[in-house]
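Report on the structure
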Amino acid sequence: MAVRIASREFVLAGHAPGAGVWQAGEPGLRITPGGRARTVRRAWLDTFDWRLFRAGLTLELRAPGRPAGRGGRAGAVLVLTGRDGRAVTGEAGPAARPPFLAGALPDGPLRARLAAAAGVRALLPLAEATSVLTEAPALNADGKTVAVVTLDRSELTAPSRAALPARLVIGPLRGYQAEADRLAAALAGAPGVEPAAGSAFETALAAAGRRPGDCSGRADVRLSAGMPAAAAVAVILLSLLDAAEANVPGTLRDLDTEFLHDLRVAVRRTRSVLRAAGAALPPGLADRYRAEFKWLGDLTTPVRDLDVYLLGYPAMAAGLVAAAPADLEPFRERLRQRRARARGRLVRGLRSERFADLAAGWRRDLAGLAGASGGPSAGELAAGQIARAHRRALLLGGSIGPGSPPQALHELRKACKELRYLLEAFASLHDPARQRRAVRELKALQDCLGRFQDAEVQLAVLREIAGQLHADGSAPAAALLAMGEAAGAVAARQAAARGEFAERFAGFASPGGRARIRALTRGAR
Amino acid sequence: MKVLAAYAIKGGVGKTAAAVSLACLAAGDGMRVLLWDLDPQSAATFMFRVRPKVKGGGRALVAGRLPARDAIKATDFPGLDLLPADFTYRNLDLHLDGQAKPATRLRAVLRPLRPEYDLVVLDCPPGISLLSENVLRAADLLLVPVIPATLSVRTLDQLAGFIAGLGGRHPQLLSFWSMVDRRKLLHRQITAGPPEGHGDGMASTAIPALSAIERMFAERRPVTAAAPRGQAARCYQGLWREAQARLGLRPAEAGASGLSPGPAGRRSSPR
Ligand SMILES: Nc1ncnc2c1ncn2[C@@H]1O[C@H](COP(=O)(O)OP(=O)(O)OP(=O)(O)O)[C@@H](O)[C@H]1O
Ligand SMILES: [Mg+2]
C-alpha cells in the first residue's frame, strides 16, 4: 500500500481562521468549529547534543494550563513522536520534571524508546509555550468524526517570549487516513492557509533564535591545507575552547555525566594540540598555557573516574554470582560520597578566577592569531605531527612485552589518544573514506587499551574503598565479599584486554595499518 | 488485556446497550478499549456511525489474513476503538469451523492486540454456536442481561450448564437484571432477589427500562455521552464498577466512593 505523505500542519495568515477555512471541507467532510478552547503548557525537550532530533524524534511535555492545585502536574503527559508521525504517550509523573534522565521514567514503551535514543544524556527543555487549543471535528455524511482539526494559538514563554503564528493541525483518526488526506488537500487550498514549513517545535525554536541541531558541544572545524599552520592551529584551538565553554554550565549544574566528559575531551585535545603543534604558535604562547590546561584537566579527572564507575555500577551489581546485588550498596554509597566531595572541588575550580582568566586570556590570545601569515602550511604541519605521533605510538607499543608493567600500556594509550586527536583535528584536510579506514585499527587498539586502563583504575578504587570500609568497620562482611567478587570480575576483564593487546597492536603496526595512516598525509609532504 | 463479553442466548435483551455503555465508561476511565461488534446486525457499529464493513469479511479476520489491527476504526470517544461488524459475520460459524483449533480462533485473533488495549468488549449475537464457544474461550467475564421473565431465567440455567460443560478455560459469569419496569408487579417479584442458584453471579445493579436507553439507538449516541449524569448512565456506571471488580481491575467493594481513574485520568467528553 502506498503511503502518501501529505502535510497535515498549516499556518494561518491571521490570528484566527477566516470563515472560508472552516468551509474548506467538501460535501461529506464537514468541519464543525465552535468547540471549547483549552489551555495547555508545553515544553519540548531534547538532549544538549540533540540526540532525539538526530533520531527523528520529538518529545513534548504537555500539562493542563491551569495549575491543578497541590500535586501540581496532574494530567501531564509526555508525547514522543517519530518521523512517521506515530506517537508513544506516557504519563509524565513526578520523575518527568525537566531536566530528567530517560532512565528515571517508569518502565514502559516510552522509557524504552527514549532511553535508546537519549542514552545517559539528560532531557532538557529547549522551548516552552502556552497554547490555546480549539478542536473542530471533521464529520462525514454519517456524522462520524473522521479527523480532528486543532487550532493552535501559542505563545513562546521560554527561553524568550514571542507570539507564534496560529496553526491548524489535522489529527487523523485510526482507520480514517484517506479522509485526513482529503481534508489536508482541501485546507491547503483555503484562503489565508499555508502549509507549515516546520513543526510546532521547530517554529518555537526559530522564534527563540535557534534551530534543531545547532549545538553539539563538540569541536568541528573546516581547514584548508594551504592556510598558514599558525592560523589553522588557532582555529582548532578556538573551536576546542568553544566546546569546552559550552559544556561548563551543564557541568556546573550536573545535568548529566556527558557535559563533564565533553569538557574533558576538549581540554585533553587542547593539550595534545599544544604539545604537537605549539611550535607553530608565537614563541612562548604554548608554554604559558600548557600548565594551566594541565591544571584544568586534572581538576576534572576525579569526578569523571567516579562517573565511569557509577555508570557501570548496575552492570557490575547485576554480574555478581555469589553475592547479592544489594550487598554492594555500601560500596556504591562510598562512591557517591567521593563523587560529591570531588564535585565540590570541581565546581570551586570552574567558578574560580583562575579558570575565568584562563578562558578569557586564551580566547584573546587565539583571536590575535586569526590573521597569522608565513611559516609552514597547515597541511605540512598536520603531516609532520601525525607522522611524529604515529612513530611514537609504534615505538612505545613495540617495546611492550608480556612482562611489561601496566604503566607502559598507559603511556601507549596516551600516545594513541594524541595520534587520534591529531587525526581528528585535521580531519577536514583528509579524504573522509580514507580517514575512516585509517582510524579503524587505531580505534580497536584504543578500545583494548581503554578497557585495560579502566579496569586498572577500578581495581585501585575497589581496593582503596575496601580498605576504608574495613578500617572504620562500617560495612558488613557481605559488602566486602561482594566487592571481592566484583574485583575478580574486573580483573578477569583486565586480563582479557591484556590478552587481546598483542593482536590489536599487531594490526595497528602491520604494514597495511601503517600504510593507511601514512596515506592520509602523503599528499601534503 | 481483559476481555469482557456481552452475551446471552436470548435476543433483544440489552446486550448491545450494555456493551456500548460499558465500553464508553471504561474509555472514560482512561483505559484503552476496543469494542468488537460480532453481530452481523451491526447495531453497535451503527451506533458509532461507522460503516459495517471489514475488508475480506469475517473469513479474512478469523483466517488471520486480515490482522485485526488493520480493520480497527477510531470512534468519536478518545480511548475507544471499534472493530466493526460485517454482514459476512452471519457465516462466522462456517469460517471458524474451517480453521485449525476452531474454538480458540477468536482468542488468537485478539492476541496480537494485547499491547494496544487494556480492555476488549465483545458484543455478541444471540444464540449458542461455535462463535459462542469462541467467545467463552476468549472472555474473562461474561456479562449476561436477564429480563425479569420466567423464560429468561431458565435460559440463564441453560447458559450456566453450557459453561460448566466446557471444562478448561472459561469465564466468570456476571448476569444482571435488564429492562426492569418497577411498575410491573411481576418484575418487582422476580427481581426481589437473585434467581435461584445464581446468587453469586448476579450483579447488584439492575438496569431499568428507560426511554433514554431506547433512544440511543435512534440517536446514534451512547447514553453515557448523551446524558452522562442521567439515571441510565449512573446505572451502567454501577454495573461497570461491578464488572471491574470481577475482572480484578478494582477492589470489590460495592458503593465505594472513590472512583478510580485509569492510567491516563478521566476522559468522558467525546472528541
Ligand atoms: N434498559 C432498557 N430500557 C429500554 N429499552 C432498552 C433497554 N435496553 C435495551 N433496550 C432496547 O431494546 C432493544 C434491544 O436492545 P439491545 O440491542 O441492546 O439488545 P441485544 O440483546 O443486543 O439485542 P440483539 O440480540 O438483537 O443483539 C433496543 O431497541 C434497545 O433500545
Ligand atoms: Mg445486540
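Sequence order as written defines residue numbering, which begins from 1 separately in each chain. All chains are assigned letters beginning at A, and all ligands numbers beginning at 1, according to the order in which they are written. Two thresholds apply to this predicted model, a pLDDT of at least 70 for residue-level local features and 80 or more for giving and counting side-chain atom pairs, whereas whole-chain, interface and lining totals are computed over all residues. Hydrogen atoms and water are omitted, and side-chain values are computed over all heavy atoms in the structure.

**Observations concerning the domain arrangement of chain A**
All names here are of chain A. Split into domains, chain A comes out as domain 1 (9-207) and domain 2 (229-524). Delimitation of the domains relies on an automatic or database domain assignment. Here domain 1 and domain 2 have C-alpha centroids that lie 42 Å from each other. Here a residue-residue contact requires only that any non-hydrogen atoms of the pair lie within 4.5 Å. Taken together, the 7 residues of domain 1 in the interface contact 10 residues of domain 2. Defined in terms of a 1.4 Å probe, buried area is the accessible area two parts forfeit on being brought together, summed over both. Counting the surface lost from both domain 1 and domain 2, the interface buries some 650 Å², and carbon and sulfur atoms represent 65% of this. When the area that domain 1 buries against domain 2 is broken down by residue, the three leading residues are F48, V120 and R121, summing to 65%.

**Examining the sheet that holds strand 1 (residues 2-6) of chain B**
Either a parallel or an antiparallel arrangement is found when strands of a sheet pair, and the pairing is made through backbone hydrogen bonds. Residue and element names in this part refer to chain B. Note: two strands are recorded as paired if DSSP finds a minimum of 2 bridges between them. Every helix listed is a DSSP run of H or I at least four residues long, and every strand listed is a run of E at least two residues long, numbered separately from the N terminus. Strand order in the open sheet made by the 8 strands is 3-4-2-5-1-6-7-8, with mixed pairing throughout. In this open sheet, the two edge strands, each paired with only one partner strand, are strand 3 (73-74) and strand 8 (207-208). The pairing of strand 2 (residues 33-37) with strand 5 (residues 119-123) spans 5 bridges and is parallel. Note that in strand 5 the partner of L35 across the bridge is V121.

**Thoughts on the site of ligand 1**
All names here are of chain B. Here a residue is considered near a molecule or strand provided that any single heavy atom belonging to it is located within 4 Å of it. Around ligand 1, the surrounding shell holds 17 residues, and the nearest of these are G12, K15, T16, A17 and L210. Counting of polar contacts relies on pairs of N or O atoms within 3.5 Å, with two restrictions inside protein: one atom must be capable of donating a hydrogen and the other of accepting it, and residues adjacent in sequence are counted only when both atoms are side-chain atoms. In this structure, T16 approaches ligand 1 through a side-chain N or O atom, which is 2.8 Å from an oxygen atom. A distance of 2.9 Å separates a nitrogen atom of ligand 1 from a polar atom in the backbone of L210. Accessible surface is estimated by sampling points in the Shrake-Rupley manner with a 1.4 Å probe; for residues, cover comes only from the protein chains shown. The protein chains hide 80% of the 620 Å² of surface that ligand 1 would expose on its own. For this classification, the nonpolar set comprises Ala, Val, Leu, Ile, Met, Phe, Trp, Tyr, Cys and Pro, the charged set comprises Asp, Glu, Lys and Arg, and every other residue, Gly included, is treated as polar. Taken together, the residues of the shell around ligand 1 sort by class into 10 nonpolar, 4 polar and 3 charged.

**Here we look at the interface of chain B and chain A**
Facing the 15 residues of chain B at the interface are 11 residues of chain A. When the two sides are added together, the surface that chain B and chain A hide from each other amounts to roughly 1100 Å², 42% of it contributed by carbon and sulfur. Here, a salt bridge means any Lys or Arg side-chain nitrogen found within 4 Å of an Asp or Glu carboxyl oxygen. Here R174 of chain A and E116 of chain B are joined by a salt bridge, their closest N and O atoms 2.7 Å apart. Linking chain B with chain A are 9 residue pairs in polar contact (both at pLDDT 80 or more). Partitioning the side of chain B that touches chain A into residue classes produces 6 nonpolar, 1 polar and 8 charged.

**A few points about the pattern of salt bridges**
All names here are of chain A. In this structure the tally under the stated criterion is 45 salt bridges over all chains. Taking the shortest distance from any N to any O, the salt bridge between R167 and E9 comes out at 2.5 Å. Taken together, the residues R167 in strand 10 (residues 167-172) and E9 in strand 1 (residues 9-12) connect sequence positions 158 residues apart. Under the relative-accessibility criterion, E9 is labelled partly exposed at 28%. A salt bridge links R504 to E500, with the nearest nitrogen and oxygen atoms 3.4 Å apart. Residue R504 and its partner E500 are located together in helix 15 (residues 477-509), separated by 4 residues, close to a single helical turn. Note on classification: 1.4 Å probe, protein chains only; a residue is buried when its accessible area is under 20% of the maximum for its type, exposed when over 50%, partly exposed between these limits.

**Some words on a positive patch on the surface**
Candidate patch residues must exceed 30% relative accessible area and have no salt bridge, after which like charges are joined if within 9 Å and Val, Leu, Ile, Met, Phe, Trp or Tyr side chains if within 5 Å. As used throughout, the charge tally considers Lys and Arg to be positive and Asp and Glu to be negative, leaving His and the chain termini uncounted. For charged residues, the charge sits on one atom: NZ in Lys, CZ in Arg, CG in Asp, CD in Glu. Taken together, the side chains of R434, R436, R437, R440, R518 and R522 of chain A make up a positively charged region of the molecular surface. Here R436 of chain A is to be found in helix 14 (residues 432-471).

**Quick notes on the packing of helix 12 (residues 378-398) of chain A against helix 16 (residues 511-521) of chain A**
Residues and elements named next belong to chain A. Each axis is a line fitted through C-alpha atoms, and for a helix only the stretch in contact is used; angles between axes span 0 to 180 degrees, taken between their N-to-C directions. Two elements in contact, helix 12 and helix 16, have axes whose closest approach is 9 Å; the angle formed by their N-to-C orientations is 165°. Considering the angle they form, helix 12 stands roughly antiparallel to helix 16. Seen along the crossing, helix 12 lies across helix 16 with a hand that is left-handed. Residues A383, I386, H390 and L394 of helix 12 pack against R514, I517 and T521 of helix 16. In terms of residue class, the contact of helix 12 with helix 16 is built from 4 nonpolar, 2 polar and 1 charged. By definition in this entry, angles of less than 35 degrees are roughly parallel, angles greater than 145 are roughly antiparallel, angles of 65 to 115 are roughly perpendicular, and the rest are oblique. Crossing chirality is assigned from the near helix's rotation relative to the far helix, an anticlockwise turn below a right angle marking it left-handed and a clockwise turn marking it right-handed.

**Considerations on the packing of aromatic side chains**
Pairs of aromatic rings are described using the distance from one ring centre to the other and the angle between the two planes. Residues and elements named next belong to chain A. In this scheme Phe, Tyr and Trp rings, the latter by its six-membered ring, pair at centre separations within 6.5 Å, and the angle between planes marks the pair as stacked below 30 degrees, edge-to-face above 60, and tilted otherwise. Inspection of every chain in the model, using the stated rule, returns 11 aromatic pairs over all chains. Centre to centre, the rings of F293 and W362 are 5.4 Å apart; their planes meet at 65°, and the pair counts as edge-to-face. Taken together, the residues span a long stretch of sequence, with F293 in helix 9 (residues 285-318) and W362 in helix 11 (residues 353-367) at a distance of 69 residues. Neither F293 nor W362 differs from the other in exposure class; each is buried. Here F501 and F505 contribute two aromatic rings whose centre-to-centre distance is 5.8 Å and whose plane-to-plane angle is 20°, an arrangement assigned as stacked. In this pair, F501 and F505 are both assigned in helix 15, 4 residues apart and thus about one turn of the helix distant. For the pair F501 and F505, a shared accessibility class is recorded, and that class is buried. An aromatic cluster is present here, built from W44, W50, F53 and F201 joined pairwise through their rings.

**A short note on the nonpolar core**
General note: in soluble globular proteins, nonpolar side chains tend to be found buried as a group. Residue and element names in this part refer to chain A. Residues belong to a common nonpolar core when they are buried Ala, Val, Leu, Ile, Met, Phe, Trp, Tyr or Cys residues joined through side-chain atoms within 4.5 Å. Ranked by size, the top nonpolar core spans 96 residues in total, and within it L237, L296, L328, F331, W362, F501 and F508 carry the most contacts. If one sorts the elements of this core by residue count, helix 9 sits on top with 14 residues. Among all residues touching W362, those that are not within four sequence positions of it are L237, L241, T270, L274, L285, Y289, F293 and D357.

**A few points about helix 1 (residues 15-28) of chain B**
All names here are of chain B. Here, expected helix span is obtained from the residue count minus one, scaled by 1.5 Å. Taking 1.5 Å as the rise per residue, helix 1 with 14 residues should run 20 Å; its terminal C-alpha atoms sit 20 Å apart, in good agreement. Within helix 1, 14 of the 14 residues are buried, leaving the element largely enclosed by the surrounding structure. Phi turns positive one or two residues past the end of helix 1, at G30, with a value near 100°.

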